[in-house]
Amino acid sequence: MEIRGVAAVVTGGGSGLGWETARMLGGLGAKVAVLDLDGAKAGAVAKEIGGIALACDVGSEAQAEFAMQEARAAHGPARILVNCAGLAPARRIVGREGPMPLAEFEAVIRVNLIGSFNLMRLAAAEMSGLDPLEDGERGVIVSTASAAAFEGQIGQAAYAASKAGVVGLTLPAARELARYGIRVLAVAPGLMATPLLLGMPQEVQRSLEQSVPFPNRFGQPAEFAALVRHMIENRMLNGTVVRLDGALRMAPR
Ligand SMILES: NC(=O)c1ccc[n+]([C@@H]2O[C@H](COP(=O)([O-])OP(=O)(O)OC[C@H]3O[C@@H](n4cnc5c(N)ncnc54)[C@H](O)[C@@H]3O)[C@@H](O)[C@H]2O)c1
């Protein structure tokens, strides 16, 4: 799909991978709605790229419906959705204080998995009513999984389960939405240089970088955005998850 002039929604657009994706889409002439729990961060990004900012918890049915309505009122129905909102707290299933509180597990699933599905269902409904473009294409949905979906580390039970859910959602969604010409994809990043990792102590960062075979460094948000751009532009890509990780395969800890 050609990006210029199209309405796009980016969740988690206030920081890291989502920020860079919103910037890429804005730079290529898309009309971008930046959704984030942190309205101030979303506002700064929207200002930079001439888009609109919407404060929204992706795990909330009502907030997501409202945000999609506002985005549609400003830009028209979206043809592009990129789900980047996510959180990655580390906690063992059985820690020093006993079993992981169920609410913590639920909170991660709610944002990373339910949040991605929540926006997917709303965007897909909107896209299905649009005029078809070349090949009958109506829309593209890209979600963010993680290498942890395949090699979750100790302490990542909730995170890895949530991202495996995003992986599992991709093919059935692509199959179901094919009749509307809507493609569904996911990116599974390894270690990316975003505030999430750059907040860690230098020694920890060095040792994490050492675990990436080639290139021996963290991925850059611009490399993530470049893959998302290719996914949007290449119509044969559908129903699959692409790892973006420099051949990293994460160890148990
Ligand atoms: N950085 C990495 O190494 C890495 C690796 C694999 C996967 N990922 C995934 O990539 C995505 C983006 O991560 P990032 O590194 O850019 O992190 P980040 O913390 O820089 O950005 C995440 C953004 O999501 C927003 N957010 C959190 N909860 C939300 C909610 N309930 N509703 C709406 N917005 C919410 C945050 O406010 C933040 O702006 C996440 O899904 C993360 O799991 C990151």
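Structure report, in brief.

Parameters at a glance
Residues numbered from 1 in each chain as written. Predicted model: local features only at pLDDT ≥ 70, side-chain atom pairs only at ≥ 80, totals over all residues. Helix = DSSP H or I, 4+ residues; strand = E, 2+ residues; numbered from the N terminus. Near = placed C-beta within 6 Å. Nonpolar A, V, L, I, M, F, W, Y, C, P; charged D, E, K, R; others polar. Expected span 1.5 Å × (residues − 1). Bend = angle between axes of the 7 residues up to and from the residue. Buried ≥ 20, exposed ≤ 12 C-beta atoms within 10 Å, placed from the backbone. Contact = placed C-beta atoms within 7 Å. Pairing = 2+ DSSP bridges. Axes fitted to C-alpha atoms, helices over the stretch in contact; angles between N-to-C directions. Parallel < 35°, antiparallel > 145°, perpendicular 65-115°, else oblique. Left-handed = near helix turned anticlockwise from the far one by under 90°. Core = buried A, V, L, I, M, F, W, Y, C linked by C-beta atoms within 7 Å.

### Quick word on unusual backbone geometry
In this structure, the amide linkage connecting phenylalanine 214 to the following residue, proline 215, adopts the cis form with an omega of -5°. When you line up the elements, proline 215 lands in the loop between α7 (202-210) and α8 (221-233). Positive phi, close to 65°, is recorded for aspartate 135, a residue that is not glycine. On the secondary structure map, aspartate 135 appears in the loop between α4 (102-128) and β7 (139-144).

### Structural notes on the site of the ligand
Around the ligand there are 32 residues in total, and Gly12, Ser15, Gly16, Gly86 and Thr194 lie nearest to it. Elements represented by at least two residues in the shell around the ligand include exactly α1 (16-27), α4 and α6 (195-198). Counted by class, the shell around the ligand contains 15 nonpolar, 13 polar and four charged residues.

### Looking at helix α5 (residues 157-177)
End to end, α5 covers 30 Å across 21 residues, agreeing with the expected 30 Å (1.5 Å per residue, within 8%). The largest bend in α5 comes to about 25°, at threonine 170, with the proline proline 172 one to four residues further on. Every buried residue of α5 is accounted for by Ala158, Tyr159, Ala160, Ser162, Lys163, Val166, Thr170, Ala173 and Leu177. Buried residues along α5 sit against α4, β7, β8 (182-189) and β9 (241-244).

### What about the sheet that holds strand β4 (residues 80-83)?
The seven strands are arranged β3-β2-β1-β4-β7-β8-β9 in an open sheet whose pairing can be described as parallel. With partners counted over all chains shown, the strands left at the sheet margins are β3 (52-55) and β9, one partner each. Averaged over all pairs of adjacent strands, the angle between their axes in this sheet comes to 15°, without regard to strand direction. Note that β8 and β9 share four bridges and pair parallel. Residue pairing across strands places alanine 186 opposite valine 241, the latter belonging to β9.

### Notes on the environment of leucine 177
Following the sequence through the fold, leucine 177 ends up in helix α5. Judged by the 21 C-beta atoms lying within 10 Å of it, leucine 177 is buried. Here the alpha-carbon distance between leucine 177 and alanine 62, two residues 115 residues apart in the chain, equals 23 Å.

### Here's the deal with the packing of α1 against α8
Direction vectors running N to C along α1 and α8 enclose 55°, while the axes themselves pass 8 Å from each other. Considering their axes alone, α1 and α8 lie oblique with respect to each other. Like other packed secondary-structure pairs, α1 and α8 cross with a definite hand, here right-handed. Every residue of α8 that contacts α1 at Gly16, Leu17, Trp19, Glu20, Thr21 and Met24 is listed here: Pro221, Ala222, Phe224, Ala225, Val228 and Arg229. A per-class count over the contact of α1 with α8 returns eight nonpolar, two polar and two charged.

### Here's the deal with the nonpolar core
Proteins that are soluble and globular tend to have nonpolar side chains buried together. Ala8, Val9, Val10, Val34, Leu35 and Ile80 are the most contacted members of the largest nonpolar core, which totals 70 residues. Here this core takes eight residues from α4, the largest share from any one element.

### Structural notes on the pairing of β4
Burial of β4 is two-sided: the residues Ile80 and Val82 facing one way and the residues Leu81 and Asn83 facing the other way are all buried. Relative to β4, strand β1 (residues 7-11) runs parallel, the two being bridged by four bridges. Among the inter-strand pairings, valine 10 is bridged to a residue of β4, identified as valine 82. The pairing of β4 with β7 spans four bridges and is parallel. Looking at β7, one finds that isoleucine 80 is bridged to valine 140.

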